[in-house]
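Residue-level listing of the chains:
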Amino acid sequence: MILVTGGAGYIGSHFVNYISQKEADEEILVLDKVLPQFVLKALSPRIKWVEGDICDQSLLRKLFSQYKITEVVHFAAYLSVPESQALPHLYFKNNVAGSMALFEVMEEFGIRRIQLRHLRTAAGQTSDRRGSAGSIERLRAYETNG
Ligand SMILES: NC(=O)c1ccc[n+]([C@@H]2O[C@H](COP(=O)([O-])OP(=O)(O)OC[C@H]3O[C@@H](n4cnc5c(N)ncnc54)[C@H](O)[C@@H]3O)[C@@H](O)[C@H]2O)c1
């Protein structure tokens, strides 16, 4: 079974749709803070939907114990650049600490296969060290694929 975090979001839902058609035998478990109402749920009976948070390690342990998860595709994240600038602690907690919480539980269960598709949305200094505090140059979003 593949665990897809953030599988109800924009990219995650396309991935879930794609993989549910491509891998006819693969079961999919979606973990997302906010689940869709109708459309996605009708995609396939092989997709299980769980409403929950990747920061919740007891929930993660429950899911890894209950289902035979062999790999994780990790999309769950907040990704508004202006919001990350206004609330950096919230973004750090959700995106960085949340990912660490997920990786720790994966490690506990011996699951080492993961796909990351993250834009790192981060507030911080750039090479322009002379920029003023309000400079747009202080904020950059850049993509990493791991
Ligand atoms: N949209 C793009 O163009 C794009 C491009 C490249 C990479 N990405 C990356 O793909 C990922 C998903 O992007 P998206 O555009 O689908 O965003 P999205 O906001 O549509 O989806 C993110 C999903 O993650 C869920 N989520 C957030 N925090 C969570 C948590 N703590 N626990 C469980 N679920 C949580 C949200 O409820 C949402 O459904 C992000 O990591 C983003 O950086 C997006």
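The rules we used
Residues numbered from 1 in each chain as written. Predicted model: local features only at pLDDT ≥ 70, side-chain atom pairs only at ≥ 80, totals over all residues. Heavy atoms only, no water. Buried < 20%, exposed > 50% of the residue type's maximum accessible area, 1.4 Å probe, protein only. Helix = DSSP H or I, 4+ residues; strand = E, 2+ residues; numbered from the N terminus. Pairing = 2+ DSSP bridges. Right-handed = clockwise from strand over helix to strand, strands pointing away. Core = buried A, V, L, I, M, F, W, Y, C linked by side-chain atoms within 4.5 Å. Contact = heavy atoms within 4.5 Å. Expected span 1.5 Å × (residues − 1). Arc of directions from axis to C-beta.

Caption draft 1: Quick look at the pairing of strand S1 (residues 2-5). Here S1 shows a buried face lined by Ile2 and Val4 and a second buried face lined by Leu3 and Thr5. Here S1 runs beside strand S2 (residues 28-32); their pairing, made up of four bridges, is parallel. Bridging across to S2, Thr5 finds its partner in Leu31. Once you follow S1 into helix H1 (residues 10-22) and on to S2, the crossover reads as right-handed.

Caption draft 2: Representation of the nonpolar core. Core analysis: the biggest nonpolar cluster contains 18 residues, and Leu3, Leu29, Leu31, Phe64, Ile69 and Val72 have the highest contact counts within it. When residues in this core are grouped by element, the largest group, four residues, is from helix H2 (residues 57-66). Those residues within four positions of Val72 in sequence are excluded, and the remaining contacts are Leu3, Thr5, Phe64, Leu102, Met106, Ile111, Arg113, Ile114 and Gln115. Judged by nonpolar contacts, the second largest core, of 12 residues, contains Ile2, Ala8, Trp49 and Val73.

Caption draft 3: Region of the structure containing H1. Over its 13 residues, H1 extends 19 Å from the first C-alpha to the last, a length consistent with the 18 Å expected when each residue adds 1.5 Å. For H1, the set of buried residues is Gly12, Ser13, Val16, Ile19 and Ser20. What you see down the axis of H1 is that its buried residues fit within an arc of 135°, all on one side. Seen from the buried face of H1, the exposed residues on the opposite side, beyond 90 degrees, are Tyr10, Ile11, His14 and Gln21.

These values are about where atoms sit, not about what they do.
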